[in-house]
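Residues per chain are reported as follows:
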Amino acid sequence: MIDIPFIFSRAMAFLCYIFLIFCLFDILASIGPYPVAICSASDVPINVTKHFYFPDFSLRNNPRLVHDVKLLGSSKFSNEKGALQIPNESQDTDIRHQAGRGIYSFPIRLLDPSTKTPASFETTFSFQLNNSTNSEQGAYGGSGLTFIIVPDEFTVGRPGPWLAMLNDACEDDYKAVAVEFDTRMNPEFGDPNDNHVGINLGTIISTKIINVSDVGVSLKDGFVHRAWINYDGPQRRMDIRLGLANQEVYPSNPIFSESLDLSPYLNEYMFVGFSASTGNHTQIHNILSWNFTSTSQAFLRFPSSETCQGKILLENSTETITKKSTKDEPPRSFLIFVAVVALALAVFLGFYFISKHRRNAAKSKTSVEAEIHRPRPPNKPRRFTFSELSSSTRSYNEIELLGSDSRGVYYRGKLSNGSQVAVKRFSAQFLNTHGSDRRRLLKEIKTISQVRHPNLLPVRGWCQDNHEIMVVYEFVPNGSLDKWLFGAGVLPWTRRFKVIKDVADGLSFLHTKQLAHKNLKCSSVFLDVSFRAVLGDFGFVLLGAESKQFESAVCQGADVFEFGVLVLEVIAGRIRDEIEQEKPEERNLLDFAWNLHQIDEKVKLVDRRMGSLINLEQAIRVVEIGLLCTLNENKGRPSMEQVVDLLLNMEKPIPELPRTRPVALYPYNSANSGLCNTYSCTF
């Protein structure tokens, strides 16, 4: 119920305080002004120019390339072509669904924050779009290439039609400008064909689209093309020209020349470069040369020619004139006295109503506090309908595809309340092979959904409809650990060590609840916005277990084993089944780690990309903890509670490891990772 007297008294008190301050200033003004020395300043505009030129991208010709251009995701410098190549064809046999960037390493001033005037810039670059030598027949034609302006030098966008421009963590508020040379038609993005140039302002949907087929250009013809992009900042106008690189004549007619305001999509300092991606179809994007110049306006402040002494004299003369013109006015002392009395009365009444309100409020304090502090029920997971999840994922569109495994496919979804989720749609093959008891599968999903811990990914709900089963997780913007560990950039040791401890905490908590993860691997570990690791993509299904007690023991033991292998992956920055062709003894990461332990050279397991910023003593200790977890169940494998204790108390001695690899580890095969029937790894 609204307390009118209380609100009135508070309002009156506030107005009285404001009036008192006004009266005090008025009294001071009536006494006379004090001279104040003020020195002004004038703004002098200057031009800030930045220029760089790369005639090619060969490390042999320019060793400084590794410092001047930062490679992100699947990209490389090709000495054979002298090109910046996206994706890195030599890195993966399958270059589908790859994303990469090449960014100039230093920020460039592209906006004057005081006037909001964008900088002028002109850039020209030659590029060539080729089919991959690893492409399957008929699978040609990637998603295209962009010249991009972005706010940071470490973000890689999504593959496929997203052109590596935007990713899940930043697409809603990511300031980015791109000129795309698109060779894939995506009707959902408004593409007219598979041969167009688009201008993208903060979104993957082009603001302006130019059909370059109309000007006789084919971006997929295999020839080297050259693009000229000029932007007049003060006039806010962009000019784009396109032609073959071997043509010495500057194209007389632009393919685009219109007014375009980039200022809402620019920060003061931005990074420039190129991004490209592939989807189901592949393509090699080569940038062969690059020239860039920008000019922005800034202001220098210089002292004014007007002296402080002259300013004081001017104010004193103004004061004399003012006093002369007002000397005949009647004094205001009486009016001020009346105002002060009225103010005192109002303040008194205000305090009276306030005290009365407090006395009334004290009578019902107990009941009010009980109502306020009554714990509210959590946002309980619920059952979703098939139509709800279909609508949230745009009918399970490929654009919303996040990933897949042997159990099913992950889609990103947006619920009707605006919150984002990740929907795992179990495949029919998985349900028919491993999940014949669907009631048990749903029961496990509901059980996990009731568990809450900072290092466990919340389950938002499930769906059992149209003969399908789906599980709905909370969406994590930074994606899974494997993308950061084996993909773009290099995770520093401090962050890797925190991930290991977070995963251990989450697993330990699950085990105290007599539950297990059953599917632990790098792709099941997700990083939230603060890079805290959370466990998701739970296994749910157990094969061959006939009792719940037996199931719990087997799966928890398998979790510890898989945690040990995951620890090795995190430290080595290497996939567990990555085979070294030249070193047959390194057929998988676990074999390699035990071999290094046997010859006491575990330091060779540490990812060299982390450089010198690593605590080697700490890393080797964590390697030993990981190997300890891969021991046989009855030969020293610790519980997750013991593992957490060893990670938190780094001075605590680790149980001695055997010098040779346990025999039961030999048949280990990660194809069974996460399945609790990996008995050869458990007992």
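Above this text is the structure in question.
Asker: So what exactly am I meant to see when it comes to the overall build of the protein chain here?
Answerer: When helices and strands are tallied, the protein chain shows 14 helices and 26 strands. Across the 683 residues of the protein chain, 47% fall into the buried class. The contacts of the protein chain with a sequence gap of at least 6 include a subset with a gap of at least 24, amounting to 69%. Taken as a whole, the protein chain presents about 35,100 Å² of accessible surface, with 55% of it coming from carbon and sulfur.

Asker: For this particular structure, what's the right way to read the environment of Leu568?
Answerer: When you line up the elements, Leu568 lands in helix α11 (residues 548-572). A relative accessible area of 1% places Leu568 in the buried class. What Leu568 contacts, discounting residues up to four positions off in sequence, is Leu589, Leu590, Ala593, Leu605, Val623 and Leu627.

Asker: How do you make sense of empty space enclosed by the protein when you look at a structure like this?
Answerer: One way to see where empty space is left: roll a probe the size of a water molecule over the atoms. This model, assessed by the stated rule, comprises 2 cavities of 30 Å³ or more. Estimates place the volume of the largest cavity at around 40 Å³. If you trace the largest cavity, you find it lined by Pro161, Leu163, Glu180, Asp182, Asn186, Phe189, Asp191, Ile204 and Ser206. Here the lining of the largest cavity is composed, by residue class, of 4 nonpolar, 2 polar and 3 charged.

Asker: Can you help me understand the nonpolar core in this one?
Answerer: Soluble, globular proteins show a tendency: their nonpolar side chains are buried together. Tyr473, Val503, Phe540, Phe563, Leu605 and Leu647 are the most contacted members of the largest nonpolar core, which totals 77 residues. The biggest single contributor to this core is α11, with 10 residues. Counting 48 residues, the second-largest nonpolar core is a separate cluster that includes Ile149, Phe181, Val197 and Met238.

Asker: What exactly am I supposed to notice about helix α12 (residues 589-598) here?
Answerer: Every α-helical turn comprises 3.6 residues, leaving residues that sit three or four positions apart pointing alike. For α12, the tally of buried residues reaches 8 of 10 residues, placing the bulk of the element in the interior. Among all positions in α12, only Leu589, Leu590, Asp591, Phe592, Ala593, Trp594, Leu596 and His597 are buried. Two or three places before Leu590, at the start of α12, stands the capping residue Asn588, its side-chain oxygen 3.1 Å from that residue's backbone nitrogen. Once α12 finishes, Asp600 follows within two positions and takes phi at roughly 60°, a positive value.

Asker: Explain the packing of aromatic side chains to me, please; I cannot follow it from the model alone.
Answerer: Aromatic ring pairs are described here by two measures, namely the spacing of the ring centres and the angle between the planes. The tally for this structure, following the rule as stated, stands at 26 aromatic pairs. For the ring pair Phe52 and Tyr104, a centre distance of 3.9 Å and an interplane angle of 10° mean the geometry is stacked. Placement of the pair is Phe52 in strand β1 (residues 41-54) and Tyr104 in strand β5 (residues 99-104), with a sequence separation of 52 residues. Pair check on accessibility: Phe52 and Tyr104 agree, each one buried. Taken together, a centroid distance of 6.0 Å and an interplanar angle of 45° make the contact between Phe125 and Phe127 tilted. Each member of the pair, Phe125 as well as Phe127, carries the same accessibility label: buried.

Asker: Would you mind going over the side chain of Asn588 with me for this structure?
Answerer: The topology assignment puts Asn588 in the loop between α11 and α12. When its relative accessible area of 9% is taken as the criterion, Asn588 is described as buried. A polar contact of 2.8 Å, which involves the side chain of Asn588, links it to the backbone nitrogen of Asp591.

Asker: For this particular structure, what's the right way to read the environment of Leu242?
Answerer: Here Leu242 shows up in strand β15 (residues 237-244). Of the residues examined, Leu242 reaches a relative accessible area of 9% and is grouped as buried. Counting along the chain gives 13 residues from Leu242 to Ile229, while the straight-line C-alpha distance between them is 8.9 Å. The residues contacting Leu242, other than those within four sequence positions of it, are Phe127, Phe181, Val197, Val212, Val217, Leu219, Arg226, Ala227, Trp228, Pro251 and Ile255.

Thresholds applied
- Residues numbered from 1 in each chain as written.
- Predicted model: local features only at pLDDT ≥ 70, side-chain atom pairs only at ≥ 80, totals over all residues.
- Heavy atoms only, no water.
- Helix = DSSP H or I, 4+ residues; strand = E, 2+ residues; numbered from the N terminus.
- Buried < 20%, exposed > 50% of the residue type's maximum accessible area, 1.4 Å probe, protein only.
- Contact = heavy atoms within 4.5 Å.
- Areas by Shrake-Rupley, 256 points an atom, 1.4 Å probe, with all protein chains shown as cover.
- 1 Å grid on protein atoms, 1.4 Å probe; cavity = no way out; pocket = protein on both sides within 12 Å on 5 of 7 lines; lining within 4 Å.
- Points joined across faces, edges and corners; volume = space filled by probe spheres on them.
- Nonpolar A, V, L, I, M, F, W, Y, C, P; charged D, E, K, R; others polar.
- Core = buried A, V, L, I, M, F, W, Y, C linked by side-chain atoms within 4.5 Å.
- Polar contact = N/O pair within 3.5 Å; in protein donor to acceptor, adjacent residues only side chain to side chain.
- Phe/Tyr/Trp six-rings, centres within 6.5 Å; stacked < 30°, edge-to-face > 60°.

Worth remembering: the numbers are spatial, not functional.
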